[in-house]
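# Fold and contact review
What follows is the residue order along each chain.
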Amino acid sequence: PSLTGLEHLNSLVLSHNKLTSIPTLPSSISKLSLSFNNLRSVPDIQNCHHLFELRLNSNKISDIPEAIQVHSQVVLLDLGNNRIKHLSNVDCVKHLKKLKNFNLQGCAVTEEEDYQETVQSHLPSLVVLDGKRLSERKSPKGGKETSNSQEARGTASSSEPIKKGKKGEESSAIKKGKKGEESSAIKKGKKGEESSAIKKGKK
């Protein structure tokens, strides 16, 4: 299956669907949420040249592919509650120079001794790590607060901490952007039945 024919689709939510793979995505996608599925790897997003938010929380992903490097415009990357174990798996994110919100909370890699220091050295523009602003986190070595408070206060909504809803479920929302942007969402219906709708906005 393919969604490439939906040339004006910019936001897609397919969370809570037990998916093991996803269709080919159109290049227009800017926000993609695939949390709470059964994905074992980051899906093929090389064609998504406008992508700036990617949510893959609560899957079975064990590695961050090098292909993600091409998405230098990404500002939010959520890979929390996956199977990422080693700091070497995080190396490729250093090419995401605009990344401000990065989540690996619930992954074994966060228990590594130099985890926070390594991530911060890779991502100097980072404002939020694992759901907490860096201005609120303790320095990994000195025990003092980090010095990102001014940047943190000025961050856009996309850099707000990734919050959990009831029973650890992700509470997600797709908001309308500026005039002329489309907003699409696939929502679930009552009693677990999925009702999907892909709406086109104004061109």
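Bear in mind the structure is a predicted one, so any value in this text is a computation, not a measurement.

So, on to the overall build of the protein. Counting its secondary structure elements, the protein contains 2 helices and 9 strands. When its helices and strands are written in sequence order, the protein yields β-β-β-β-β-α-β-β-α-β-β. Burial status across the protein gives 42% buried among its 203 residues. Counting every atom, the protein has about 11,700 Å² of accessible surface; 46% of that belongs to carbon and sulfur.

Take unusual backbone geometry next. At K18, a position not held by glycine, the phi torsion is positive, near 60°. Mapped onto the elements, K18 comes out in the loop between β1 (11–13) and β2 (31–33). In this structure, D130 is a non-glycine residue whose phi angle is positive, near 55°. Here D130 lies in the loop between β6 (128–129) and β7 (132–133).

With that settled, the discussion passes to the sheet that holds strand β4 (residues 76–78). Strand order in the open sheet formed by 7 strands is β1-β2-β3-β4-β5-β6-β7, with mixed pairing between adjacent strands. The two strands at the open ends of the sheet, each matched to only one other strand, are β1 and β7. Bridge count for β6 against β7 is 2 bridges, and the pairing is antiparallel. Its bridge partner lying in β7, V128 is registered against R133.

Right, let's get into the side chain of H122. Relative to the elements of secondary structure, H122 occurs in helix α1 (residues 115–122). In this structure the side chain of H122 is engaged in a polar contact, spanning 3.3 Å, whose partner is the side chain of D91. Apart from the residues lying within four places of it in its own chain, the contact partners of H122 are V90, D91 and K94.

Here we come to the nonpolar core. Nonpolar side chains in soluble globular proteins tend to end up buried together. Residues L25, L32, L77, L79, F102 and L104 are the most contacted members of the largest nonpolar core, which totals 39 residues. If we ignore the near neighbours within four places in the chain, the residues touching L25 are L3, T4, L12, L32, I45, N47 and C48.

Right, let's get into the confidence of the model for the protein. Summarising the model, the protein shows a mean pLDDT of 77, and 67% of its residues fall at 70 or more. The model gives residues 164–203 a pLDDT under 50, and that stretch makes 65 contacts with residues more than four places away or in other chains.

Attention shifts here to a negative patch on the surface. Taken together, the side chains of E111, E112, E113 and D114 define an acidic patch exposed on the protein surface. Take E111: it is sitting in the loop between β5 (101–103) and α1.

It is worth spelling out the side chain of N89 at this point. In this structure, N89 sits in the loop between β4 and β5. On the basis of relative accessible area, N89 is assigned to the buried category, the value being 13%. Within the local environment of N89, its side chain forms a polar contact with the side chain of D63, the two groups lying 3.1 Å apart. Residues within four places of N89 in sequence aside, it is in contact with S62, D63, I64 and I84.

One side chain can pair with another of opposite charge once the charged atoms of both are near each other. If you walk through the whole model with that rule in mind, you get 1 salt bridge. Between E53 and R55 there is a salt bridge, with its nearest N and O atoms 3.6 Å apart. Each member of the pair E53 and R55 is classed as buried.

Cut-offs and rules
Residues numbered from 1 in each chain as written. Predicted model: local features only at pLDDT ≥ 70, side-chain atom pairs only at ≥ 80, totals over all residues. Heavy atoms only, no water. Helix = DSSP H or I, 4+ residues; strand = E, 2+ residues; numbered from the N terminus. Buried < 20%, exposed > 50% of the residue type's maximum accessible area, 1.4 Å probe, protein only. Areas by Shrake-Rupley, 256 points an atom, 1.4 Å probe, with all protein chains shown as cover. Pairing = 2+ DSSP bridges. Polar contact = N/O pair within 3.5 Å; in protein donor to acceptor, adjacent residues only side chain to side chain. Contact = heavy atoms within 4.5 Å. Core = buried A, V, L, I, M, F, W, Y, C linked by side-chain atoms within 4.5 Å. pLDDT = per-residue confidence, 0-100. Patch = residues over 30% accessible without salt bridge, like charges linked within 9 Å, V, L, I, M, F, W, Y side chains within 5 Å. Salt bridge = Lys/Arg side-chain N within 4 Å of Asp/Glu carboxyl O. Lys, Arg positive; Asp, Glu negative; His and termini not counted. Charge placed at Lys NZ, Arg CZ, Asp CG, Glu CD.

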